[in-house]
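# Understanding the architecture of this molecule
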Amino acid sequence: SMPLVEFDLMGAWFDKAREDLRQERWTSDAFRARLEAFEAMAPVVTYVAEDVPGKAMQVLAFGPSIRRVLKVEPAAALVDDWFPANIHPDDKPKFVSAFGDGVGASGLSRATYRLRGGDGRYHWFLDTRVRLAHGDGSRLVHGLMLEITDQKESEHQLIQAAKLAQVGELAISLGHELS
């Protein structure tokens, strides 16, 4: 779980970025530096993949934050089928449906799924992929995987609490009926 201090730092990062935009100091180098700082703080993994029509997308590079978020070295995550092999079995159909043929005609695709990290734990991600046009004609996809494990666990706890409350209400109702 991300401490509140880190969220405050991310807020400061966005405030500084907005100020730079207002002051027109947003150069390519400044943007790259801010993006690297953001990636170092936020629970995100960035990646670049090749989108070849009719084939599964091939991830070409992962950002360095994959070490921190998933406990996996970027080079190890590029080995053959590491990525698809570590998607939770229950999530594979949904993943293939969203990303099976690369990025859709709109150039944007999203999916929520679990991915096993180097520590053996599954992490929930909201993965957003965007195909960007490149001058050399390549079809590269840029992706951002936002870790949402804490949110998913909270949702699960709320659902369980609601079910328990319903059982309690039923027990009270039956108790009144029987007495």
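For the rest of this paragraph, the subject is the overall build of the protein chain. Helix and strand content of the protein chain: 7 helices and 5 strands. Mapped in sequence order, the helices and strands of the protein chain form the string α-α-β-β-α-α-α-α-β-β-β-α. When each of the 179 residues of the protein chain is scored for burial, the buried share is 32%. Taking the intrachain contacts of the protein chain between residues at least 6 apart in sequence as the baseline, contacts between residues at least 24 apart amount to 48%. Only carbon and sulfur atoms are counted for the fraction: they give 59% of the accessible area of the protein chain, which is about 11300 Å².

For the rest of this paragraph, the subject is the environment of serine 109. Mapped onto the fold, serine 109 is located in strand E3 (residues 108-116). Look at serine 109 and you get buried, because its relative accessible area is 8%. Sequence separation between serine 109 and threonine 128 is 19 residues, and the spatial gap between their C-alpha atoms is 5.9 Å.

Looking now at the pattern of salt bridges. In this structure the tally under the stated criterion is 5 salt bridges. For aspartate 119, the salt bridge identified is with arginine 121, shortest N-O distance 4.0 Å. Residue aspartate 119 is classed as partly exposed on the basis of its relative accessible area of 40%. On the basis of relative accessible area, arginine 121 is assigned to the partly exposed category, the value being 42%. Aspartate 127 serves as the salt-bridge partner of arginine 129, at 3.7 Å between the closest nitrogen and oxygen. Of the two residues, arginine 129 and aspartate 127, neither departs from the other in class, the shared state being buried. Within this structure, Asp91, Lys94 and Arg114 form a network of salt bridges that share partners.

For the rest of this paragraph, the subject is the nonpolar core. Residues Phe62, Leu70, Phe83, Leu115 and Met145 are the most contacted members of the largest nonpolar core, which totals 21 residues. Elements supplying a minimum of two residues to this core: strand E1 (44-50), strand E2 (58-62), helix H3 (66-70), helix H5 (82-85), E3 and strand E5 (139-147). Ignoring anything within four residues of it in the chain, the contact list for phenylalanine 62 reads Val45, Thr46, Tyr47, Pro74, Ala77, Leu78 and Phe83.

Moving on: the packing of aromatic side chains. Scanning the entire structure with this criterion turns up 7 aromatic pairs. Ring centres 6.3 Å apart and planes at 55° place the aromatic pair tryptophan 82 and phenylalanine 83 in the tilted group. Like tryptophan 82, the residue phenylalanine 83 is buried in the burial classification. The interplanar angle of 85° and the centroid separation of 5.0 Å between the aromatic rings of phenylalanine 95 and tyrosine 113 together place this pair among those described as edge-to-face. Taken together, the residues span a long stretch of sequence, with phenylalanine 95 in helix H6 (residues 92-99) and tyrosine 113 in strand E3 at a distance of 18 residues. A relative accessible area of 0% means that tyrosine 113 is categorised as buried. Through a chain of ring-to-ring contacts, the aromatic side chains of Tyr47, Phe62, Trp82, Phe83, Phe95 and Tyr113 assemble into a single cluster.

With that out of the way, let us pick up the side chain of aspartate 127. Mapped onto the secondary structure, aspartate 127 falls in strand E4 (residues 122-133). In this structure the side chain of aspartate 127 is engaged in a polar contact, spanning 2.6 Å, whose partner is the side chain of tyrosine 47.

Let us now look at the confidence of the model for the protein chain. Across the protein chain, pLDDT averages 76, with 70% of residues at or above 70. For the protein chain, per-element mean pLDDT is lowest for helix H1 (residues 4-22), which scores 56, and highest for H3, which scores 93. Here residues 1-7 is a poorly scored stretch, pLDDT under 50, and it has 8 contacts once near neighbours within four places are set aside; other chains count.

Further remarks concern the environment of arginine 110. By the element assignment, arginine 110 lies in strand E3. Looking at arginine 110, its side chain comes within polar contact range of the side chain of threonine 128, at 3.3 Å.

Here is what the cut-offs are and how they apply
Residues numbered from 1 in each chain as written. Predicted model: local features only at pLDDT ≥ 70, side-chain atom pairs only at ≥ 80, totals over all residues. Heavy atoms only, no water. Helix = DSSP H or I, 4+ residues; strand = E, 2+ residues; numbered from the N terminus. Buried < 20%, exposed > 50% of the residue type's maximum accessible area, 1.4 Å probe, protein only. Contact = heavy atoms within 4.5 Å. Areas by Shrake-Rupley, 256 points an atom, 1.4 Å probe, with all protein chains shown as cover. Salt bridge = Lys/Arg side-chain N within 4 Å of Asp/Glu carboxyl O. Core = buried A, V, L, I, M, F, W, Y, C linked by side-chain atoms within 4.5 Å. Phe/Tyr/Trp six-rings, centres within 6.5 Å; stacked < 30°, edge-to-face > 60°. Polar contact = N/O pair within 3.5 Å; in protein donor to acceptor, adjacent residues only side chain to side chain. pLDDT = per-residue confidence, 0-100.

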